[in-house]
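Chains, contacts and geometry: an overview
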Amino acid sequence: MTPSELKTYLEHLIRKNLKISTMIWGAPGIGKSSIVGQLAKENNLEFVDVRLSQLAPTDLRGLPVAVHNTSKWYPPEFLPRNGAGIFFLDELNMAPPAMQGVAQQLILDRKVGSYSVPEGWYVWAAGNRKEDRAAVFDMPSPLANRFLHLGVEPDFQSFKTYALTNGVHEQIIAFLSFRSTLLHKLDSRQAAWPSPRSWVMASKLHECGLSIAPAVGEATAGEFVAFISLYQTLPSLAPILEGKAENIPFPEEPSARYATAIGLTMRAENADEAYNAFTWLSQVATAEWVQLFVADLCRMMRNKGQMGHLAQLVQKDLKLQQFIQDFQELL
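An account of the accompanying structure is given in this report. (Residues numbered from 1 in each chain as written. Predicted model: local features only at pLDDT ≥ 70, side-chain atom pairs only at ≥ 80, totals over all residues. Heavy atoms only, no water.)

Considering only enclosed or pocket space, the largest pocket measures out at about 1300 Å³ in volume. Lining the largest pocket are 48 residues, with Ile30, Gly31, Ser34, Ile35 and Gln38 positioned closest to its centre. Those elements that place two or more of their residues in the lining of the largest pocket are helix H1 (3-15), helix H2 (32-42), strand E8 (120-127), helix H6 (156-164), helix H8 (196-207) and helix H14 (287-303). By residue number, the principal contributor to the lining of the largest pocket is H2, which donates eight residues. When the residues that make up the lining of the largest pocket are grouped by side-chain class, the tally is 17 nonpolar, 18 polar and 13 charged. Considering only enclosed or pocket space, the second largest pocket measures out at about 200 Å³ in volume. Together, 14 residues line the second largest pocket, and Asp187, Pro194, Val216, Ala219 and Thr220 are the ones closest to its centre. At four residues, helix H10 (residues 218-228) tops the list of elements feeding residues into the lining of the second largest pocket. In the lining of the second largest pocket, the residues fall into seven nonpolar, three polar and four charged. (1 Å grid on protein atoms, 1.4 Å probe; cavity = no way out; pocket = protein on both sides within 12 Å on 5 of 7 lines; lining within 4 Å. Points joined across faces, edges and corners; volume = space filled by probe spheres on them. Helix = DSSP H or I, 4+ residues; strand = E, 2+ residues; numbered from the N terminus. Nonpolar A, V, L, I, M, F, W, Y, C, P; charged D, E, K, R; others polar.)

A separate point is the pattern of salt bridges. All chains considered together, the criterion is met by ten salt bridges. In this structure, Glu252 and Arg257 form a salt bridge, with 3.9 Å as the shortest nitrogen-oxygen distance. Glu252 gets classed as exposed once you look at its relative accessible area, which sits at 66%. Because the salt bridges share partners, they merge into one network encompassing Asp49, Arg51, Asp90 and Glu91. (Salt bridge = Lys/Arg side-chain N within 4 Å of Asp/Glu carboxyl O. Buried < 20%, exposed > 50% of the residue type's maximum accessible area, 1.4 Å probe, protein only.)

Taken by themselves, the reported measurements are silent on function.
This is the structure we're talking about:
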């Protein structure tokens, strides 16, 4: 499933209050941990992220302390004691077999030693697959059989939905719209390679005027630099957003078209500017480019609280109605 589908599935588990232990499988850097963290925040749940590969069995079970000639196990402070939340066992299959054995009791019985998981907490886990060349151990069959298993794959549309509303640089989004195969390209021979996680880091580097090669690798960074040179050939976007776009053509080069569409999406500050961009693009571009633009624009306007105003402007313009049918739900 895509990251968006994974988030929807996990959201249903929360809404239906299904406290079934769940294992999320996927390549490194595609956002497994981030999605779980987002869900916890959006549902007002606490979030405890435990990296089992960094723990020893006593770190989870606790330490034995003599009390009246009897050993009593004192669990660690990071384990949840009350309330409601998500107890997330990250990098589960990177933990050695002894550690997975301790986790097995926690996952099946929701307790280990003298500790019990509070009623309001979900127990979820995540791990990488062998084909991702991660340093993983085989998961014992008894442990695997105690989980729901959800596989997630990198998906550009899911990443773009996140990127548009979370401050990822416009030029990063435009580049990946044109070269979506570079969203995730694992290369175990290189220390740096592109993934959704490393592209978010690259965005921060690019914002500061630094090379993105340390985040995504030299080859990918070289392609990005070549793409950025296209920005010098783009039409001026400010007049388009102001509604003064007479005689401004839509670029011929596909990469420049992606850059123009994403640039207008990111720079439209309000519904009026969004409407002006929509009007211009509907006059100079074919339907597929307009539809691509509108899908992204609706996400941005909803995030800015401008969706209602934009819908009113569009509904008054008969020339734009033909582009709206596929997006009635968004509008």
